[in-house]
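# Structural characterization, general
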Amino acid sequence: MSSIFDTIHHRLSQAIQCTDIPEDVFNGLRYPEKTLAVNLVIRRDDRSFVNFKAWRCQYDSSRGPTKGGIRFHPSVCMDEVMHLAFLMTIKCAIAGLPFGGAKGGVCVDVKKLSEHELERLARAYIKAFASMVGPDKDIPAPDMYTGGAVLAWMADEFDRIQGKKYRAALTGKPVAMNGSQGRIEATGLGGYYVLNTMIESGLCSGESLKIGFQGFGNVASFCARYLAEDGHRIVAVSDSSACLFCAEGLDVEALIRYKDEQRRFSDYEQEKVEVLEPAEVLTIDCDILAPAALADQIHKDNAGQIKASVILELANAPVTEEADSILQDNNVVVIPDVLANSGGVIVSYFEWVQNRTGDYWQKEYVFERLRKQIEKAAADVVCCKEEYQVESLRTAAYILALKEIAEVIMAKNVK
Ligand code: NAD
């Protein structure tokens, strides 16, 4: 049996045992509804053929059509895709979106493809999974290494296959192709709103906080920008080459410009900025640590060394199950991924609504609606924690999601 299902079943049981809902109601959530694996073959620019393993998993559709990104990364495997699809199911329920959860992935190193090869791969992917996709079936979106350009090729190919313009079949499209304003900022901004709600609720404290980010891509850079504008100090950021540290606070705008030039932090030179090993970001002296890169970064061997009092999980699954209990014992508050990074899927939902109504919104309106929706989700998680007297925000978030999902399952079935 795959270990991801051990994790999934553990997370489910921890939450179910706190509720009075019979455990068998959730039997449908123990395994995915559908997972399709394919072998994609494309031609390279030199006319040779190359193949890639690819997957799409629709985990649970109780609450509506399934929704989830497509990841292109060399570490992608079927287990990871299924795990991420499960997290999407929980995330959509917490955010109150009318969606189930899905995920897709291709095991590929995009840095080794030309732009034309990437386009062929994007088109091949959507062709292989076209029968599963649609505005009322399953709505893919971007994830790591699949930005607006990849989604634009996929949306175009999907329309060609169907012989019809399906605006709402994929989200995260460029604005010129009926994408939503504000999608680029959405996940980082959502994380910022969630953190503020937690601070206001008294679960974590502070003015002029010291914050560290692991990773400095799309999500971390926007979140850091909004927090710095509020007067908090971004004391550390990292990429795969190095961690930059400055106790007085780094210049976030300068770092964003530096990264836009595709440069590595290991080459960064600035007075008062120390260049450390990438992993040191996790154990630096700070109040809030925001992992915003890869999964399983905080594990049993480093969880005990974390000095932050709060972890804001901007990445998906950055804290392992074993690390979770060590952090709990050390009174470190973990703001879980299924809440902290839900800003992206919320604005993807706004894109789906705009595509279906033909009414397109200004960026300020998108941000305002995002703020209201994600603040409500964060407040609901805090209420659940109090009502069910559970210690962790993760368990509270899962209880909230499972109650939403159970309500639909019960409504659809004879008592
Ligand atoms: P991105 O590709 O823009 O940025 C990832 C960053 O991680 C880069 O700065 C990269 O250098 C860094 N990185 C890679 N390996 C690292 C390592 N070993 N140590 C330190 N840094 C490392 O990706 P993103 O869109 O910012 O996504 C980041 C995380 O957030 C991912 O886990 C993703 O699944 C999650 N997420 C993203 C969104 C979204 O809308 N983009 C939504 C939900 C969740």
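Residues numbered from 1 in each chain as written. Predicted model: local features only at pLDDT ≥ 70, side-chain atom pairs only at ≥ 80, totals over all residues. Heavy atoms only, no water.

## Here we look at the sheet that holds strand β4 (residues 100–107)
Heads up, the condition is: Two strands are counted as paired when DSSP detects at least two bridges linking them. The helix count covers DSSP runs of H or I at least four residues long, the strand count covers runs of E at least two residues long, and both are numbered beginning at the N terminus. To define axes, lines are fitted to C-alpha atoms, for helices over the stretch in contact only, and angles between the resulting N-to-C directions are given on a 0 to 180 degree scale.
In spatial order, the strands read β1-β2-β4-β3-β5; together these five strands make up an open sheet with mixed pairing. The open sheet has two edge strands, β1 (34–43) and β5 (138–142), and neither has a second partner. Going across the sheet, the axis of each strand differs from the next one's by a mean of 20 degrees, ignoring polarity. The sheet contact formed by strand β2 (residues 49–60) and β4 spans six bridges and is antiparallel. The partner of Ala-54 across the bridge, within β4, is Val-106.

## Some points on the site of the ligand
Rule in force here: Neighbouring residues are identified by heavy atoms, a residue being near a molecule or strand if any of them is within 4 Å of it. What qualifies as a polar contact is a pair of N or O atoms within 3.5 Å, subject to a donor-acceptor requirement within protein and to the restriction that residues adjacent in sequence count only when both atoms come from side chains. All accessible areas in this document rest on Shrake-Rupley with a 1.4 Å probe, and a residue is counted as covered only by the protein chains that are shown.
Contacts to the ligand come from 21 residues, most closely from Arg-71, Thr-187, Asn-218, Val-219 and Ala-293. Between Asn-218 and the ligand, the recorded distance is 3.0 Å, taken from a backbone N or O atom to an oxygen atom. For the ligand, whose accessible area on its own is 830 Å², the fraction buried by protein is 80%. Those elements that provide at least two residues to the shell around the ligand are α5 (183–200) and α6 (218–229).

## A closer look at unusual backbone geometry
In plain terms, the rule: Summary of the burial criterion: residues with accessible area below 20% of their type's maximum are buried, those above 50% are exposed, and those between are partly exposed, where the area comes from a 1.4 Å probe applied to protein chains only.
Of note, the phi angle at Lys-272 is positive, near 75 degrees, even though the residue is not glycine. Looking at the element boundaries, Lys-272 is found in the loop between α7 (252–260) and β9 (274–276). Owing to a relative accessible area of 55%, Lys-272 belongs among the exposed residues under this scheme. The residue Gln-389 is not glycine, and still its phi comes out positive at about 50 degrees. Tracing the backbone shows Gln-389 in the loop between α11 (363–387) and α12 (393–412).

## Considerations on the domain arrangement of the protein chain
Threshold: The source of the domain bounds is an automatic or database domain assignment. Residues are treated as being in contact if the distance between any of their heavy atoms lies within 4.5 Å. Buried area: the accessible area, evaluated with a 1.4 Å probe, that two parts lose upon being put together, summed over both parts. Salt bridges are identified by distance alone: a Lys or Arg side-chain nitrogen within 4 Å of an Asp or Glu carboxyl oxygen.
Here the protein chain is described as being made up of domain 1 (28–177) and domain 2 (186–340). On a C-alpha basis, the centres of domain 1 and domain 2 stand 28 Å from each other. Taken together, the contact pairs nine residues of domain 1 with seven residues of domain 2. Here domain 1 packs against domain 2, burying approximately 630 Å² in sum over the two surfaces, 68% of which is carbon and sulfur. Contact with domain 2 buries area across many residues of domain 1, yet Leu-87, Lys-91 and Ile-94 alone supply 57% of it, more than any other trio. Run the count over domain 1 and domain 2 and you get zero salt bridges. Here domain 1 is connected to domain 2 by one residue pair in polar contact (both at pLDDT 80 or more).

## What to know about helix α8 (residues 321–329)
Condition: Directions pointing from the helix axis toward each C-beta atom define the arc.
Of the residues making up α8, those classed as buried are Ala-323, Asp-324 and Leu-327. Projected down its long axis, α8 carries its buried residues within an arc of 105 degrees, all on one side. Buried residues along α8 sit in contact with α1 (3–16), β11 (310–312), β12 (333–335) and α12. One or two steps after α8, the chain reaches Asn-331, where phi turns positive at roughly 60 degrees.

## Quick notes on the packing of helix α3 (residues 115–129) against helix α4 (residues 148–162)
Threshold: Orientation is classified from the angle alone, with under 35 degrees giving roughly parallel, over 145 giving roughly antiparallel, 65 to 115 giving roughly perpendicular, and any other angle giving oblique. If you view the pair so one helix is near and one far, a crossing is left-handed when the near helix is turned anticlockwise from the far one by less than a right angle, and right-handed when it is turned clockwise. Only Asp, Glu, Lys and Arg are considered charged, only Ala, Val, Leu, Ile, Met, Phe, Trp, Tyr, Cys and Pro nonpolar, and every remaining residue, Gly among them, polar.
Packing of α3 against α4 brings their axes to within 8 Å, and their N-to-C directions diverge by 45 degrees. On the basis of their axis angle, the class for α3 and α4 is oblique. By crossing handedness, the relation of α3 to α4 is classed as right-handed. Each of Glu-115, Leu-118, Glu-119, Ala-122, Arg-123, Tyr-125, Ile-126 and Lys-127 in α3 lies in contact with α4, whose residues at this interface are Val-150, Trp-153, Met-154, Asp-156, Glu-157, Phe-158, Arg-160 and Ile-161. Looking at the contact of α3 with α4 residue by residue, the class counts come to nine nonpolar, no polar and seven charged.

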